[in-house]
Amino acid sequence: MNRKQMVVANVQYKKPTPLDDSKRQKGLLRYLTYRDGRTGHIKQPGGVERWHDLGLGRTLQDVAQRCEAFKSDHVLAFTLVFNANPELIHMAPVEQREQFICELTEKSLEQFFAARGIDSGVEASYVLHHRNSENPQSPGLHDPHTHVMLPGTYFDEGQGQRENLFFSRNKRENHIELLHRTTEDVMATLMDRYVGLEWEQRFDDLEAIRQEQWAVVEAEPPHGISIEEDGQEAPIWAGVRCTDENSSAAGYYARYLPDARQISDGSDPDEAQVEFRPLIAGLDHQTAQDMADIFKDYLAEYRTLQALEAFSQDVVNRHEMEIEDDEPEYVERKNDIQPARDWSLDL
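Nothing here was measured: the structure is a model prediction, and the numbers come from that model.

The rules behind these values
- Residues numbered from 1 in each chain as written.
- Predicted model: local features only at pLDDT ≥ 70, side-chain atom pairs only at ≥ 80, totals over all residues.
- Heavy atoms only, no water.
- Helix = DSSP H or I, 4+ residues; strand = E, 2+ residues; numbered from the N terminus.
- Buried < 20%, exposed > 50% of the residue type's maximum accessible area, 1.4 Å probe, protein only.
- Contact = heavy atoms within 4.5 Å.
- Areas by Shrake-Rupley, 256 points an atom, 1.4 Å probe, with all protein chains shown as cover.
- Axes fitted to C-alpha atoms, helices over the stretch in contact; angles between N-to-C directions.
- Parallel < 35°, antiparallel > 145°, perpendicular 65-115°, else oblique.
- Left-handed = near helix turned anticlockwise from the far one by under 90°.
- Phe/Tyr/Trp six-rings, centres within 6.5 Å; stacked < 30°, edge-to-face > 60°.
- Lys NZ or Arg CZ within 6 Å of the ring centre and 35° of its normal.
- Pairing = 2+ DSSP bridges.
- pLDDT = per-residue confidence, 0-100.
- Salt bridge = Lys/Arg side-chain N within 4 Å of Asp/Glu carboxyl O.
- Expected span 1.5 Å × (residues − 1).
- Arc of directions from axis to C-beta.
- Polar contact = N/O pair within 3.5 Å; in protein donor to acceptor, adjacent residues only side chain to side chain.

*Asks:* Can you walk me through the overall build of the protein chain in this structure?
*Replies:* The secondary structure content of the protein chain amounts to 9 helices and 12 strands. A buried classification covers 44% of the 347 residues belonging to the protein chain. For the protein chain, contacts bridging at least 24 residues in sequence account for 65% of all contacts bridging at least 6. Just so you have it, the protein chain exposes about 19,200 Å², and 46% of that area is on carbon and sulfur atoms.

*Asks:* Is there a simple way to think about the packing of helix α4 (residues 97–115) against helix α5 (residues 175–194) in this case?
*Replies:* If you want to describe how two helices pack, look at the angle between their axes and the distance between the axes. Packing of α4 against α5 brings their axes to within 9 Å, and their N-to-C directions diverge by 140°. Considering the angle they form, α4 stands oblique to α5. Our pair here, α4 against α5, has a crossing hand that is right-handed. Across the interface between the two elements, Gln99, Phe100, Glu103, Leu104, Lys107, Ser108, Gln111, Phe112 and Ala115 of α4 pack against His175, Leu178, Leu179, Thr182, Thr183, Val186, Met187, Leu190, Met191, Arg193 and Tyr194 of α5.

*Asks:* Please explain the packing of aromatic side chains as it appears in this structure.
*Replies:* For any pair of aromatic rings, geometry is given as the distance between the ring centres together with the angle between the planes. The tally for this structure, following the rule as stated, stands at 9 aromatic pairs. Measuring from centroid to centroid gives 5.7 Å for phenylalanine 112 and phenylalanine 167, while their planes differ by 10°, and the two rings are stacked. Here phenylalanine 112 is found in helix α4, whereas its partner phenylalanine 167 is found in the loop between β7 (161–164) and α5, with 55 residues between them in sequence. Summarising the burial analysis for this pair, phenylalanine 112 and phenylalanine 167 share the class buried. Three or more aromatic residues joined by ring pairs form one cluster here, namely Tyr13, Phe78, Phe112, Phe113 and Phe167. Positioned above the aromatic ring of phenylalanine 70, the side-chain terminus of arginine 162 is 3.8 Å from the ring centre. Taking NZ or CZ as reference, arginine 277 lies 3.9 Å from the ring centre of tyrosine 256, over its face.

*Asks:* How should I be thinking about the pairing of strand β3 (residues 77–84) in this particular structure?
*Replies:* For a regular strand, side-chain orientation follows a simple rule: the groups alternate between the two sheet faces. Along β3, 7 of the 8 residues are buried, which leaves the element largely enclosed by surrounding structure. Pairing analysis gives 7 bridges linking β3 to strand β5 (residues 145–151), with the strands arranged antiparallel. Looking at the pairing, leucine 80 lines up with valine 148 of β5.

*Asks:* Got a minute to help me understand the side chain of serine 247 in this structure?
*Replies:* Among the secondary structure elements, serine 247 is positioned in the loop between β9 (233–242) and β10 (248–256). Its relative accessible area of 15% is what places serine 247 among the buried residues. Filtering out sequence-adjacent residues up to four positions away, serine 247 remains in contact with Cys242, Leu283 and His285.

*Asks:* What is the right way to look at the sheet that holds β3 in this model?
*Replies:* Hydrogen bonding along the main chain pairs the strands of a sheet, whether they run parallel or antiparallel. Overall, antiparallel pairing links the 5 strands, which are arranged β1-β3-β5-β4-β2 in an open sheet. For this open sheet the edge positions go to β1 (7–14) and β2 (51–54), each flanked by a neighbour on one side alone. Sheet twist, expressed as the average angle between the axes of neighbouring strands with direction ignored, equals 20°. Pairing analysis gives 5 bridges linking strand β4 (residues 124–129) to β5, with the strands arranged antiparallel. Across the sheet, tyrosine 126 pairs through a bridge with valine 148, a residue of β5.

*Asks:* How should the confidence of the model for the protein chain be read in this particular structure?
*Replies:* Should pLDDT be low for a region, the predicted coordinates there are not to be read in detail. Taken as a whole, the protein chain shows an average pLDDT of 86; of its residues, 82% reach a score of 70 or greater. Confidence over residues 329–336 falls short of pLDDT 50; this stretch has 12 contacts with residues more than four positions distant or in other chains. When the criterion is pLDDT under 50, residues 341–347 qualifies, and its contacts beyond four places in sequence or with other chains add up to 13 contacts.

*Asks:* Just to check I follow, could you spell out the pattern of salt bridges for this structure?
*Replies:* Once their charged atoms are close, side chains differing in charge can pair, the charge on each being opposite to the other. Taken as a whole, this structure holds 16 salt bridges when the rule is applied. A salt bridge links glutamate 87 to arginine 241; its shortest N-O distance comes to 4.0 Å. Placement of glutamate 87 in helix α3 (residues 86–89) and of arginine 241 in strand β9 is noted, with a sequence separation of 154 residues between them. With a relative accessible area of 13%, glutamate 87 lands in the buried category.

*Asks:* Could you clarify how one ought to interpret α4 in this entry?
*Replies:* Because each turn of an α-helix spans 3.6 residues, side chains separated by three or four positions in sequence point in the same direction. Its 19 residues place the ends of α4 26 Å apart at the C-alpha level, agreeing with the 27 Å of an ideal helix rising 1.5 Å per residue. Every buried residue of α4 is accounted for by Arg97, Phe100, Ile101, Cys102, Glu103, Leu104, Thr105, Ser108, Leu109, Phe112 and Phe113. Count one or two residues on from α4 and you reach glycine 117, which has phi positive near 85°.

*Asks:* Is there a simple way to think about helix α6 (residues 199–214) in this case?
*Replies:* The end-to-end C-alpha distance of α6 is 23 Å, a good match for the 22 Å that 16 residues give at a rise of 1.5 Å each. Turning to α6, its buried residues number three or more, namely Trp199, Phe203, Leu206, Arg210 and Gln213. Looking down the long axis of α6, one finds its buried residues gathered within 75° of arc, a one-sided arrangement. Contact partners of the buried residues in α6: α3, α5, α7 (216–219), β9 and β10.

*Asks:* How do you make sense of the environment of aspartate 244 when you look at a structure like this?
*Replies:* Looking at where aspartate 244 falls in the secondary structure, it is placed in the loop between β9 and β10. Judged by relative accessible area, aspartate 244 falls into the buried class, the value being 15%. Sequence-distant contacts of aspartate 244, that is, excluding residues within four places in its chain, are made with His90, Leu206 and His285. Polar contacts involving the side chain of aspartate 244 include one to the side chain of histidine 90, which spans 2.7 Å. At 2.7 Å, the side chain of aspartate 244 and the backbone nitrogen of serine 247 are in polar contact.

Below, the structure written as structure tokens:
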């Protein structure tokens, strides 16, 4: 696989402003403490802190105060995000994923600063967030990630004083590229340990199967159409896509512009690429293929994606009603067939 697709490590910084440093900093820290994403509030158990202390503090008050004390003239604090590819994290046992991401964060920071010659490291604190991925081709995968706070200065043992921390990006020193390479190396090492040495081959095999499934758009004429908001008709193909080695989703393939852009916004329609959209997820591979064949036959008669979406929802509803009427020992089957949009990982 492309190693650059394994993990994302982003860096931003906040400038000190004379009037509202403390207020703005605490606002960001509260957001990171009580949110796992843009929506939804996390209930904080009494006496339990979410922040992992690597020298900057265990509470948002501690972190805010130390960032203020250790700021430079130009940087109040740096914020980093470590976000592993959810499809790779999905390979690890669910009970080990939190430790995986914590190790990814701490080892990447340690090795990154060591490579820069800052042997004493830099004070940091981080919070772990759990969310479900928003990848439209396989929504709902567990997507744990960390947000890291770093101060604007660090203690230089050789100089015996605090020096400005910086992230250069020039021909002589590209700290951003170094951070990416370091994090990718740590990610690969952790995948070897948590998942097994064959993880990369397993991922490539899965991608090869997906490419074969995608080929339906070249092998067959469109199975139906999607009627767009402006009344235009766009081709769709019923199909299947492997979610992982054990499950698949049934849905359809259609052309989409990247990053949810729209032609009405001035985007070039030639940039559109064929992507999968699931309608029913959590199926075994053969059931998913059988369902995709049913979708194809349905589109042959009823044509439109809108009709197919209503049909797939009806399939899910009928399945759930049948399970509710079953004996108690079969209740666990209720989640076998699920509408893709409502799928979420229960952690």
